Amino acid sequence: MISSEELLAVAKRIFWFGTPEEALEFPKRFLTYAMTYASDEDIEILRKYFNDDDFRAALDDPAPGIFDRSSWAKWNERYNRTPVPPLPKRKIPGVDPATIPDFFPPKS
């Protein structure tokens, strides 16, 4: 991936717990963080480097535990994915996902 100073600056703001280079090493994971934490201005910069297919790919296979409920709903609705699917869940070997409580149930 081609990087620039502005892209690295956005990566640094979004991926605060690692280096910008580490963030950009896995673009789909990076976009998942961006879709959750980036400002509107950051998203405009990211659109110079990532297209709609890249953002859709992040929605298709996001790492569990990154999206919050409102960001998940916002991005799925932006790409006309309604009804919005459930948030991705972590898979724990030997644990039935149905037995894990949903601490963030959808608002009624």
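## Here we look at the environment of F50
Here comes step 1: With respect to the secondary-structure elements, F50 resides in the loop between α4 (40–46) and α5 (52–60).
Here comes step 2: Its relative accessible area of 4% is what places F50 among the buried residues.

## Observations regarding the pattern of salt bridges
Here comes step 1: This model, assessed by the stated rule, comprises six salt bridges.
Here comes step 2: In this structure, the salt-bridge partner of R13 is D42, at a minimum N-O distance of 2.6 Å. You can see R13 sitting in helix α1 (residues 5–14) and its partner D42 sitting in helix α4, a full 29 residues away along the chain.
Here comes step 3: The class for R13 is partly exposed, based on a relative accessible area of 49%.
Here comes step 4: According to the relative accessible area criterion, D42 is buried, its value standing at 6%.

## Examining the side chain of S71
Here comes step 1: Here S71 lies in helix α6 (residues 69–78).
Here comes step 2: With a relative accessible area of 8%, S71 lands in the buried category.
Here comes step 3: Apart from the residues lying within four places of it in its own chain, the contact partners of S71 are M35 and T36.

Conventions adopted
- Residues numbered from 1 in each chain as written.
- Predicted model: local features only at pLDDT ≥ 70, side-chain atom pairs only at ≥ 80, totals over all residues.
- Heavy atoms only, no water.
- Helix = DSSP H or I, 4+ residues; strand = E, 2+ residues; numbered from the N terminus.
- Buried < 20%, exposed > 50% of the residue type's maximum accessible area, 1.4 Å probe, protein only.
- Salt bridge = Lys/Arg side-chain N within 4 Å of Asp/Glu carboxyl O.
- Contact = heavy atoms within 4.5 Å.

Functional significance is not addressed by these values, which are geometric in nature.
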